[in-house]
Amino acid sequence: MAYTATTPAYPRLLTKLDALRATFAKAFDALIEARSRRNEIERLQKMSDTQLARLGLTRDGIVQHVFRDHLGL
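Residues numbered from 1 in each chain as written. Predicted model: local features only at pLDDT ≥ 70, side-chain atom pairs only at ≥ 80, totals over all residues. Heavy atoms only, no water.

Draft legend 1. Spotlight on the overall build of the protein chain. Along the backbone of the protein chain there are four helices and zero strands. Starting at the N terminus and walking to the C terminus, you meet the elements of the protein chain as α-α-α-α. Among the 73 residues that make up the protein chain, the fraction classed as buried is 11%. Here the contacts in the protein chain between residues at least 6 apart in sequence split such that 27% fall between residues at least 24 apart. When the accessible surface of the protein chain is split by element, carbon and sulfur atoms take 60% of a total near 6,500 Å². (Helix = DSSP H or I, 4+ residues; strand = E, 2+ residues; numbered from the N terminus. Buried < 20%, exposed > 50% of the residue type's maximum accessible area, 1.4 Å probe, protein only. Contact = heavy atoms within 4.5 Å. Areas by Shrake-Rupley, 256 points an atom, 1.4 Å probe, with all protein chains shown as cover.)

Draft legend 2. View of the nonpolar core. Counting residues in hydrophobic clusters, the biggest one holds seven residues: Ile41, Leu44, Met47, Leu52, Leu57, Ile62 and Val66. At the level of secondary structure, the elements contributing two or more residues to this core comprise helix H1 (11-45) and helix H3 (62-66). When sequence neighbours within four positions are dropped, the list of residues in contact with valine 66 reads Arg37, Glu40, Ile41 and Leu44. (Core = buried A, V, L, I, M, F, W, Y, C linked by side-chain atoms within 4.5 Å.)

Draft legend 3. Seen up close, the environment of valine 63. Here valine 63 lies in helix H3. Note: C-alpha distance between valine 63 and glutamate 42 (21 residues apart in sequence) is 9.9 Å.

Draft legend 4. Looking closely at the side chain of arginine 37. Along the chain, arginine 37 turns up in helix H1. Relative accessible area serves as the criterion here: at 10%, arginine 37 is assigned to the buried category. A polar side-chain atom of arginine 37 sits 2.9 Å from a polar atom in the side chain of aspartate 69. When neighbours within four sequence positions are excluded, arginine 37 is seen to be in contact with Val66, Phe67, Asp69 and His70. (Polar contact = N/O pair within 3.5 Å; in protein donor to acceptor, adjacent residues only side chain to side chain.)

Draft legend 5. Up close: a nonpolar patch on the surface. On the surface, a cluster of nonpolar side chains totalling about 640 Å² of accessible area is made up of Tyr10, Leu13, Leu14, Leu17, Leu20 and Phe24. Relative to the elements of secondary structure, leucine 17 occurs in helix H1. (Patch = residues over 30% accessible without salt bridge, like charges linked within 9 Å, V, L, I, M, F, W, Y side chains within 5 Å. Salt bridge = Lys/Arg side-chain N within 4 Å of Asp/Glu carboxyl O.)

Draft legend 6. View of the pattern of salt bridges. Scanning the model with the defined rule gives five salt bridges in all. With a shortest N-O distance of 3.7 Å, glutamate 42 and arginine 38 are connected by a salt bridge. With glutamate 42 and arginine 38 both in helix H1 and four residues apart, the pair spans about one turn of that helix. Judged by relative accessible area, which is 40%, glutamate 42 ranks as partly exposed.

Following this line, the structure appears as structure tokens:
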């Protein structure tokens, strides 16, 4: 009679590979989010002061506005 193992031969290696994949995924997500925020800052910086005022913003408040969820504002 033959028996087969259903557990991976290298469980610690697989755990480490999963952790590495998760780390890369987090880094990639952070990169995408940073690029998106940078684009939003650039878009708002190109607006006139009048346009910013219509949005309730000042030029000095652009960065705080874009990062308001991280700053707790």
